[in-house]
Amino acid sequence: MLIDLLAAASDSDEGVRRAIVDALVKQGEALPEDALKVCRAALSDSRSSTQRTSALYAMAQIIPAAGLTNAAGSLADELAESVVAELSRSRDEDHLTATYDCLQALSSAAPHVVLQALALQCKPGTLPAGSVLHALGDLASNCPAVCLGALKLELLPRLLPLLSAARGSDRADFAYALRHFATAILQSEPSTPSGGGVFDAEMQAALELLFAQWLSARDDDVRAATAEAIGAMVGLLSSAQLQAQLTRLVPGLLAAQRRERDWCRLPVTQALWSVLAAAEAHGLHSELLEEQLLFSVLSGIHANLCAPFDRSSSLALRNHNEELRCVEAMCRMFADHVITFLMRAVQEERDPALLTGSLEALRHLTSRLDLEGQQVQILSGLESMLAGLAAGTYRVKQAAAQLIGSLGSRGQLRGDSGEGLILFLIRQASISDGEIEASLRSGWGRSFESEAALELRDIASKTLELLASTVPNMRRQLWPLLFQALMQREYQLAAPVICRALTHIGSAFAASSPADLELPLNYHTALSSVHAIYNRLISYVGALTWKSTLAERALQLLLLLAPQLHPALEQRWGQIVPQLLSYLKQGGGGG
């Protein structure tokens, strides 16, 4: 039955071949060893690449249930020999993929056997096939502890001298293998970078060759694999070795990044981050500063962050995020220098793209690092920038609102500047439909800004609600500011958001610190009396058709504040308001 199935596996119809593989796997569930032996025989005897591909796909699914061992002369030993031999016979992508899948399944069951079979393909003085190198890289990635001894004592000393002989696509496979070799060594011996001898002269020469020649290759796959290998290999450098290479690696990777299109930059940017992270780990701060590498990286990465890119491309977006990580790596070492650089761009630039990129970088840093020492500089600089910002420029304001939200989530909107930034958020939540329509009518291409205005209003509203409901140490600061905005006409369109935020804060105060629930009278001239607040909220309760949620939210706030508005209101309000709220929630009043 198994032999007959395999005989039909060379059928030209892909659906038939898939059905045959499924049937082989089903038979193999009952008799796994018999099925694997028949498939192995097909690998040895069949001249049909299609038939052998089907056998490999079936083997990959049968092996996990076969209970194979690492013993010499075992079935696993025989299978590894046959499957590894298929690497040199692969002529099409499907067959190669099936071979890799089979080797991966086999390495999960008997990794030592697979390692031995692959090592036999690496003869001294002869460059093995690229597929063998690729398979070795996969094995090192999946079984680092198993491969460590062979890598250090046998494979690397044998392979590294042959690096310059690699040509074409073999370079990509060699770089792929080196990347996983380096990662396996670091995972198995995390203390290696102290200069334990694993990264010897030959490995150092390998890194230099990859950097000097392969990183600028014409082939896209070779460049990408080389950058990934460099990113992994720098983790093996000792402090002295990395210090000697910094002045070449950093400018070289920046230049390589500039040569790539934005959706192809990711491996190079990741390598640059690896170099910066290694420099931080080895304490090479002064070397970066003395050689002006800090400002080279900041200038180069900042220009990329501010340049437009295709946000619908996942690769371009991942590269953008990796560039933000590079700025973060620099800020961990030189917080004052990095923040000063970005704040200068925020205050001196007027180009919307440069402002947006700088603000986005600041938001990333404030959300990940403790920048308490730079807080005053950031707040005052941001407030100054917003004061001089031209009308419109909604994308810039959107980036600013997100930065303010990041600062607020850490309770860092303190002082006069912090209050100004909170009022900025409330103003953006007050953007009218008329403003948005005006931006849409103002000329060709303005629909982009119109969409940004809608997004900005939504971001500002949600940020205010989040700060009020999830950041306890912002509540005392928000309480009087939100009441001030509630009473001022310029923020009238944000009334639903203001009422909701005040209700969140008031409910929290009532539960944990009732004394803080006191109305902030005389905090601002707009807060002249209890009657003024009461009248404003009552007027909003009657605005059933103006803002869809305003009446309900104003009633909720009135119910919370009733004891302070009038002694007699609490009991009456406790009876009437719940009924009104239920009526509004059911759609009463046309709201």
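Residues numbered from 1 in each chain as written. Predicted model: local features only at pLDDT ≥ 70, side-chain atom pairs only at ≥ 80, totals over all residues. Heavy atoms only, no water.

Draft legend 1. Molecular detail of the overall build of the chain. Scanning the chain from N- to C-terminus turns up 29 helices and zero strands. Taken over the C-alpha trace, the chain has a radius of gyration of 33 Å; the compact-globule value for 591 residues is 25 Å, which it surpasses by more than 25%. Dimensions of the chain, computed from the C-alpha atoms along their principal axes, are close to 95 × 65 × 50 Å. In the chain, the share of contacts with a sequence separation of at least 24, taken over all contacts with a separation of at least 6, comes to 73%. (Helix = DSSP H or I, 4+ residues; strand = E, 2+ residues; numbered from the N terminus. Rg over C-alpha atoms; globule rule 2.2 N^0.38 Å. Contact = heavy atoms within 4.5 Å.)

Draft legend 2. Looking closely at the nonpolar core. Counting residues in each nonpolar core, the largest one holds 204 residues, and the members touching the most others are L382 and I426. Sequence-distant contacts of I426, that is, excluding residues within four places in its chain, are made with L464, L481, L482, A485, Y491, A494 and I498. (Core = buried A, V, L, I, M, F, W, Y, C linked by side-chain atoms within 4.5 Å. Buried < 20%, exposed > 50% of the residue type's maximum accessible area, 1.4 Å probe, protein only.)

Draft legend 3. Region of interest: the packing of aromatic side chains. Overall, the coordinates contain three aromatic pairs when judged by the stated rule. Considering the side-chain rings of W479 and F509, the 5.5 Å spacing of their centres and the 70° angle between planes classify their relative orientation as edge-to-face. With W479 in helix α25 (residues 475-487) and F509 in helix α26 (residues 495-512), this residue pair connects regions lying 30 residues apart in the sequence. Given a relative accessible area of 4%, F509 falls into the buried group. Every member of this aromatic cluster is reached through a ring pair, and the members are W479, F483 and F509. In this structure, R325 packs its charged tip against the face of W273, placed 3.9 Å from the ring centre. (Phe/Tyr/Trp six-rings, centres within 6.5 Å; stacked < 30°, edge-to-face > 60°. Lys NZ or Arg CZ within 6 Å of the ring centre and 35° of its normal.)

Draft legend 4. Spotlight on the side chain of H134. Mapping H134 onto the fold places it in helix α8 (residues 130-142). Taking relative accessible area as the criterion, H134 reaches 18% and is therefore assigned buried. Residues in contact with H134, not counting those within four places in the same chain, are Y100, D173 and Y176.

Draft legend 5. Layout of unusual backbone geometry. For N522, which is not glycine, the phi torsion reads 70° and is therefore positive. Structurally, N522 can be placed in the loop between α26 and α27 (530-541). Here N522 falls in the exposed class, since its relative accessible area comes to 64%.

Draft legend 6. Geometry of the packing of α27 against helix α28 (residues 550-565). Relative to each other, α27 and α28 sit at 155°, their axes nearing to 8 Å. Taken together, the axis directions place α27 and α28 in an arrangement best described as roughly antiparallel. The handedness of the crossing between α27 and α28 comes out as left-handed. Across from V530, Y534, L537, I538, Y540 and V541 in α27, the residues of α28 making contact are L550, A551, A554, L555, L557, L558, L561, Q564 and L565. (Axes fitted to C-alpha atoms, helices over the stretch in contact; angles between N-to-C directions. Parallel < 35°, antiparallel > 145°, perpendicular 65-115°, else oblique. Left-handed = near helix turned anticlockwise from the far one by under 90°.)

Draft legend 7. Spotlight on the pattern of salt bridges. Scanning all chains against the criterion turns up 19 salt bridges. The closest approach of N and O atoms between R179 and E228, which form a salt bridge, is 3.1 Å. A residue pair is termed long-range when its members are at least 10 positions apart, and R179 in helix α10 (residues 169-188) and E228 in helix α12 (residues 220-233) qualify at 49 residues. Taking relative accessible area as the criterion, E228 reaches 28% and is therefore assigned partly exposed. (Salt bridge = Lys/Arg side-chain N within 4 Å of Asp/Glu carboxyl O.)

Draft legend 8. Molecular detail of helix α22 (residues 415-429). Between its first and last C-alpha atoms α22 spans 22 Å; for 15 residues at 1.5 Å apiece the expected length is 21 Å, and the two agree. Among the residues of α22, S417, G418, L421, I422, L423, F424, L425, I426, Q428 and A429 are the ones counted as buried. (Expected span 1.5 Å × (residues − 1).)

Draft legend 9. Looking closely at the state of the cysteines. A complete count under the given rule lists zero disulfides for this structure. We note that C331 lacks a disulfide partner, and the nearest cysteine sulfur, in C326, lies 13 Å from it. Judged by its relative accessible area of 3%, C331 is buried. (Disulfide = S-S within 2.5 Å.)

Draft legend 10. Summary view of the side chain of Q488. In this structure, Q488 sits in the loop between α25 and α26. When sequence neighbours within four positions are dropped, the list of residues in contact with Q488 reads H524, A526 and R536.

Draft legend 11. Summary view of the confidence of the model for the chain. When pLDDT is averaged along the chain, the result is 88; 92% of the residues meet or exceed 70. Overall, residues 192-199 carries pLDDT values under 50, and its contacts beyond four positions in sequence, including any with other chains, amount to 21 contacts. (pLDDT = per-residue confidence, 0-100.)

Draft legend 12. How the structure looks around the packing of α8 against α10. Orientation of α8 relative to α10, taken along the N-to-C sense of each, is 20°, at an axis distance of 8 Å. One finds that α8 runs roughly parallel with respect to α10. For the crossing formed where α8 meets α10, the hand is left-handed. The residues of α10 that touch α8, namely those facing G130, S131, L133, H134, L136, G137, D138, A140 and S141, are D170, D173, F174, Y176, A177, H180, F181 and A184. Class assignment for the residues of the contact of α8 with α10 results in eight nonpolar, six polar and three charged. (Nonpolar A, V, L, I, M, F, W, Y, C, P; charged D, E, K, R; others polar.)

Draft legend 13. Here's a closer look at the environment of A110. Within the secondary structure, A110 is located in the loop between α6 (93-109) and α7 (111-119). On the basis of relative accessible area, A110 is assigned to the buried category, the value being 0%. Sequence separation between A110 and A76 is 34 residues, and the spatial gap between their C-alpha atoms is 6.8 Å.

Draft legend 14. Summary view of α25. Between its terminal C-alpha atoms α25 stretches 18 Å, which fits the 18 Å expected from 13 residues at 1.5 Å a residue. Across the 13 residues that make up α25, a large majority, 12, are buried. The set of residues buried in α25 consists of R475, Q477, L478, W479, P480, L481, L482, F483, Q484, A485, L486 and M487.

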